[in-house]
Amino acid sequence: MNLLDTDLGSICRCLDLVSADPEAIVDCYFERSEESGLVAGAIANVEVHREEGFAVRLVAGDGAFIASRDRIDGDTFLEALRRTARRMATGMVPTPRLRPSPWPRAEPDEAMPVFGAAVARELRRRRLAFPHRLVVRHHRRWLQVVGRELVGDVESEAYFSVRTESEAGRWGALLPDLGAEAASRVARALGAGFRARDADSPEPGRCDLVLGAPAAAVLLHEAAHALEIDTLAVTGNPDSAVGFRFGSECLDLLDDPAAAPETVKRRTDDEGVPVLRRWLLRGGLICQPLADRRWAAESPSVSPGAARRQSRHWAPGPRSHHLELVAGTVSGRELVAGVRHGLFAAEATRGWLDPSTGAFELSFAHGRKILGGELTERVGPFALRGKVGLVLGSVAAVADRTVVSGAGWCAKGGQKLPVWGTSAAMLLEGVDIVEGQRDA
Amino acid sequence: MREECLSALDAAGRQGWGRAEVFAKRGRSRRFRLGQGMESVHSSEEAGWAVRFGDDRSSGFYTASGMPGGDLALPEPGPGGLRLPGAAATSWRECESVTHPLLSEAEGLEMLRAAQGRLQSEIPESYFCDATVDDGASESCIVSSNGVDVAFRGRAAVLRWEVLGPAPALDRTVVTAAAVSGRELRGEAVVDRAVDVLRIRRDGRPVESLGARIVAVPEVSARLLSASMGAFVGSSREESAQWLGATDGEVGGRHLSLVDDGRLEGGLLSAPVDGEGVPTAARELILNGRLGEPLVAWDVAVGASGCRRRSGWRDRPRVAASHFFLVPDATISPMSLVEDLASGYYFVGSDETLDAKSNRLSLGVYGYEVAHGKPIGPIFGRLAWDPRKLLGKIVAAARDLRFVAMGAMVGAPTLEIDGIDLIPDP
């Protein structure tokens, strides 16, 4: 889809008038998004949300000025430009011809109405049938960044979010598509939650913990927050973090937006800068923090290309898009077999990191006990708690098979963003387990 | 905006949807931010609209940015009928602050700089990790095929300051405040709350006490109270009574009255109608210790006041509290509650979020140990409580009602609570 029907060169020329400072960042972020949703099982409560707009930005010295608007036209653009530039006389610039291309007709994705039935079939295959509510949403987003000397290509993202509610509680996931594997994953999670609905929480204390690939993706996403340059700057000089040991030697972790699932992969970030295959951790040592243009200008050791923003009404900031864990050498079965007394969690419900202290928590709705190297009884809610560096330092092994999945919604700083991961099961030795909360 | 909404309503009618409602909202806001060596100003102008359309058997919901027009491209509806409320007359007097202009760039940044200056004069080497001030104004309009035709304005300003104390401890605290307009925010008082918490964290000792008697300032009391709010939202009276363990309707002492008021004078969320155009009103959820009527919508209880709020134009209306508060006692001063405390704790600050484990909630709190009505030393810990039983433990309320923005505006005066546990910080 074309986003704009306009001469982008005229936008560049307008932006060039915003600041005479060649070091200043001046850009305009154009955006269009569509979300359609329905409660699966029947095509009921059909919802379609569409919006478009733009944000003009000036970052110069220690100041940033943004003007965001919910419509795209030449007059509105020029008004926002003047507000951002702060010193731009009226009449100096001709109003650019700027209009968005027409929207296509609003239609739910064809896989959505039948996804509920596909999940129900998968549940029956597992000999399960219980009342549940399934809400599926299709998210689509197009964006284009225009700078003083740069016109980025139109980038797009499309994915699905699924949310279930049942007697066992709530569960949600992000899915690149609604194919058979997606239905199987949702049914597997729903079924596991249902079977563990009355299980007691495990005893708090220290034990070994095996995480399934989806749970490991959430852990790594939270850990990656600590490798965002604005987070590092909260408590010190981000440049000094490079080379610091942050995890065990078996942890090799990248952020690679270009390697994300096909419908969400990116060539450029939300500032229009080409993305990098960025090594965050190599052998557990910090390599290259996640950075955007503003932070990269201040820190010579980092590169931009990791800026993300929820929408035009938010300022961009450094954030991971698609984390990739390098596979280990042992099978998932061997990970479990090596544990005498511990826990297994396939999925995590949420993660949390305090950037000033490194305090970290990862919550699980249910899991299994591991005794003598075998998965045994189901357990109810529990949480892993500790300092993020110590938790990553406790990773003793990574499984040899990686799986692509949505790590979930990230909510750092109030910005809600989808995050993706290619991760593998992992074994954490001697971590602190505390009581969890049943999400009813 | 009204004309545009009516035009969209006509268009829905032309497409065969005799039952439809159009909601539009536009607003302007400014966000000022200070932190990590950067000052920023973000000016937003947002506009969007939503249409609900359907009949007895099917319905759909469509939202879009910008303003509505006559060229609707509605999606195919799905099964599930749509009911819309009828029009009802209501009187409304707008709060004067609604007309106040937004904070200017200079005013907003100066508020932040002055606050950081005050913070650093009190505790050198402390700083704002991330401090924001948001000031916004909006206009909304609802028209429907049932004759609803109403427009109203809103105004809200909130600040959230995340403060870090000096190294190496780097104690962190978050303070928030809300007012109708940005100029009504009292930045100095908010900084003082952050300074109190940082000093207590630096100098205080951890305490544990089961069944303690405490006095808590409104900002702490409101967070405790917020966990009980769900008992009164969208449930029947019987369900509320069952959850609260008050099958005889007795929830607490005669000093305990809880209200939700969608048109509270000077309230941030005050409006003549809710998100469907039903007139708002004060509703007594608990009156003198006895359970009143919970918040339910017009299609559940005949004559119910408007309580289906819309968070914005992207959202469907849903039953929610607006100004949920414990009624203050005008005869009791806050400090008299402390002076009358023979032995207990006085809490002046708390963490921002509650922690939930099983049926108990906990909240990090900061304050002073009190003996014979006098503070004797700074302490900190975690209050832990069962939200179903909290209301019965409230023994007195003072006169100083203040609100905290937590989705809804949750308000409480300084409260005295007996029999609440203080547990160690994990």
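Draft legend 1. Focus on the overall build of chain B. The helix and strand inventory of chain B stands at 7 helices and 23 strands. Computed over C-alpha atoms, the radius of gyration of chain B comes to 23 Å, within 12% of the 22 Å expected from 2.2 N^0.38 for 426 residues, which places it in the range of a compact globule. Taking the intrachain contacts of chain B between residues at least 6 apart in sequence as the baseline, contacts between residues at least 24 apart amount to 71%.

Draft legend 2. Spotlight on the overall build of chain A. Across its full length, chain A holds 9 helices and 21 strands. Against the 2.2 N^0.38 benchmark of 22 Å for 440 residues, chain A shows a C-alpha radius of gyration of 23 Å, consistent with a compact globule. Considered along the principal axes of its C-alpha atoms, chain A spans approximately 75 × 55 × 30 Å. For chain A, with 440 residues in total, the buried portion stands at 53%. Pairs at least 24 apart in sequence give 73% of the contacts found in chain A among residues at least 6 apart.

Draft legend 3. Unusual backbone geometry, seen in detail. All names here are of chain B. Phi at glutamine 36 is positive, roughly 55°, even though this residue is not glycine. Turning to its location among the elements, glutamine 36 is positioned in the loop between β1 (19-35) and β2 (38-54). On the neighbour-count criterion, glutamine 36 (17 C-beta atoms within 10 Å) is partly exposed. Non-glycine residue asparagine 288 carries a positive phi angle of around 50°.

Draft legend 4. Here's a closer look at the nonpolar core. Within the largest apolar cluster, 256 residues are counted, with the highest numbers of intra-cluster contacts made by Ala216 and Met426 of chain A together with Val410 of chain B. Setting aside anything within four residues of it in sequence, one finds methionine 426 of chain A in contact with Leu211, Ala216, Val395, Ala397, Val398 and Ala399 of chain A.

Draft legend 5. Looking closely at the pairing of strand β19 (residues 374-385) of chain B. Residues and elements named next belong to chain B. Of the strand pairs in this sheet, strand β8 (residues 205-206) and β19 are connected by 2 bridges, and their pairing is parallel. Across the sheet, residue proline 206 finds its bridge partner in β19, namely phenylalanine 380. Two strands pair when backbone bridges link them, and strand β18 (residues 360-371) and β19 are joined in this way by 11 bridges, in the antiparallel orientation. The partner of alanine 371 across the bridge, within β19, is lysine 374. The hairpin formed by β18 and β19 contains 2 residues between the paired strands, and histidine 372 there has a positive phi angle of roughly 50°. Pairing geometry for β19 and strand β23 (residues 415-423), over 3 bridges, is antiparallel. Looking across to β23, one finds that arginine 382 is bridged to isoleucine 423.

Draft legend 6. Just the packing of helix α3 (residues 112-125) of chain A against helix α4 (residues 180-195) of chain A, in detail. Residue and element names in this part refer to chain A. Running from amino to carboxyl end, α3 crosses α4 at an angle of 55°, the nearest separation of the two axes being 8 Å. As summarised for this structure, α3 and α4 are arranged oblique, according to the angle between their axes. Regarding α3 and α4, the two cross each other, and that crossing is right-handed. Taking contact as the criterion, the partners of Phe115, Ala118, Val119, Glu122 and Leu123 in α3 are, on α4, Ala183, Ser184, Val186, Ala187, Leu190 and Gly191. Split by residue class, the contact of α3 with α4 holds 8 nonpolar, 2 polar and 1 charged.

Draft legend 7. Quick peek at the interface of chain A and chain B. With 37 residues of chain A at the contact, the number on the chain B side is 35 residues. Only β2 (44-60), β3 (63-69) and α6 (229-235) of chain A provide two or more residues apiece to the side of chain A that touches chain B. The element best represented in the side of chain A that touches chain B is β2 of chain A, accounting for 10 residues. Note that β3 of chain A and β2 of chain B share 7 bridges and pair parallel. If you follow alanine 67 of chain A over to β2 of chain B, its bridge partner there is serine 43 of chain B.

Draft legend 8. Main features of helix α2 (residues 105-122) of chain B. Residues and elements named next belong to chain B. Between its first and last C-alpha, α2 extends 26 Å over 18 residues, near the 26 Å set by a 1.5 Å rise per residue. All of the buried residues along α2 are Gly108, Met111, Leu112, Ala115, Gln116 and Leu119. Looking straight down α2, one finds that the buried residues subtend no more than 120° of arc, so they occupy a single side. In this structure, α2 carries Ala106, Gly117 and Ser121 as exposed residues pointing more than 90 degrees from its buried face. Considering only its buried residues, α2 is in contact with β1, β2, β5 (127-144), β6 (149-164) and α3 (187-203).

Draft legend 9. Focus on the confidence of the model for chain B. Residue and element names in this part refer to chain B. On average, residues of chain B score 92 in pLDDT, and 99% of them are at 70 or above. Averaged over each element, pLDDT in chain B is lowest for strand β17 (residues 355-357) (77) and highest for strand β15 (residues 323-326) (97). Predicted complex, confidence summary: ipTM 0.89, pTM 0.91.

Draft legend 10. Layout of the packing of α2 of chain B against α3 of chain B. All names here are of chain B. Two numbers describe how α2 lies on α3: the axes approach to 9 Å, and their chain directions differ by 35°. The interaxial crossing formed by α2 with α3 has right-handed handedness. Residue-level contacts link Met111, Ala114, Ala115, Arg118, Leu119 and Glu122 of α2 to Gly187, Glu188, Val191, Ala194 and Val195 of α3. Each residue belonging to the contact of α2 with α3 can be placed in one class, and the counts come to 7 nonpolar, 1 polar and 3 charged.

Draft legend 11. Quick peek at the sheet that holds strand β11 (residues 282-287) of chain B. Residues and elements named next belong to chain B. Spatial ordering of the open sheet is given by β12-β11-β10-β15-β22-β21, a layout of 6 strands whose pairing is mixed. Only two strands of the sheet have a single neighbouring strand rather than two, namely β12 (290-291) and β21 (402-406). Sheet topology note: the β15/strand β22 (residues 408-412) ladder contains 3 bridges and is parallel. Looking across to β22, one finds that phenylalanine 325 is bridged to glycine 411.

Draft legend 12. Structural detail: the pairing of strand β21 (residues 417-435) of chain A. Residue and element names in this part refer to chain A. The pairing of strand β7 (residues 205-211) with β21 spans 6 bridges and is classified as antiparallel. Directly across from arginine 206, in β21, lies its bridge partner aspartate 432. Here 3 bridges tie strand β13 (residues 322-325) to β21, and the two strands are oriented parallel to one another. Looking at the pairing, leucine 323 lines up with glycine 421 of β21. In terms of strand pairing, strand β19 (residues 382-387) meets β21 through 4 bridges, oriented antiparallel. The residue bridging alanine 383 from the neighbouring strand is valine 434, located in β21. Where strand β20 (residues 395-410) and β21 come together, 11 bridges link them in antiparallel fashion.

Draft legend 13. Representation of helix α2 (residues 74-85) of chain A. Residues and elements named next belong to chain A. Helix length check: α2, at 12 residues, gives a terminal C-alpha distance of 16 Å against a target of 16 Å (1.5 Å per residue), a fit within 8%. Within α2, burial applies to Phe77, Leu78, Ala80, Leu81, Thr84 and Ala85. Considered in projection along α2, the buried side chains sweep an arc of 165° and stay on one side of the axis. In the segment just after α2, arginine 86 is the residue with positive phi, at about 75°.

About the thresholds
- Residues numbered from 1 in each chain as written.
- Chains lettered and ligands numbered in written order.
- Predicted model: local features only at pLDDT ≥ 70, side-chain atom pairs only at ≥ 80, totals over all residues.
- Helix = DSSP H or I, 4+ residues; strand = E, 2+ residues; numbered from the N terminus.
- Rg over C-alpha atoms; globule rule 2.2 N^0.38 Å.
- Contact = placed C-beta atoms within 7 Å.
- Buried ≥ 20, exposed ≤ 12 C-beta atoms within 10 Å, placed from the backbone.
- Core = buried A, V, L, I, M, F, W, Y, C linked by C-beta atoms within 7 Å.
- Pairing = 2+ DSSP bridges.
- Axes fitted to C-alpha atoms, helices over the stretch in contact; angles between N-to-C directions.
- Parallel < 35°, antiparallel > 145°, perpendicular 65-115°, else oblique.
- Left-handed = near helix turned anticlockwise from the far one by under 90°.
- Nonpolar A, V, L, I, M, F, W, Y, C, P; charged D, E, K, R; others polar.
- Expected span 1.5 Å × (residues − 1).
- Arc of directions from axis to C-beta.
- pLDDT = per-residue confidence, 0-100.

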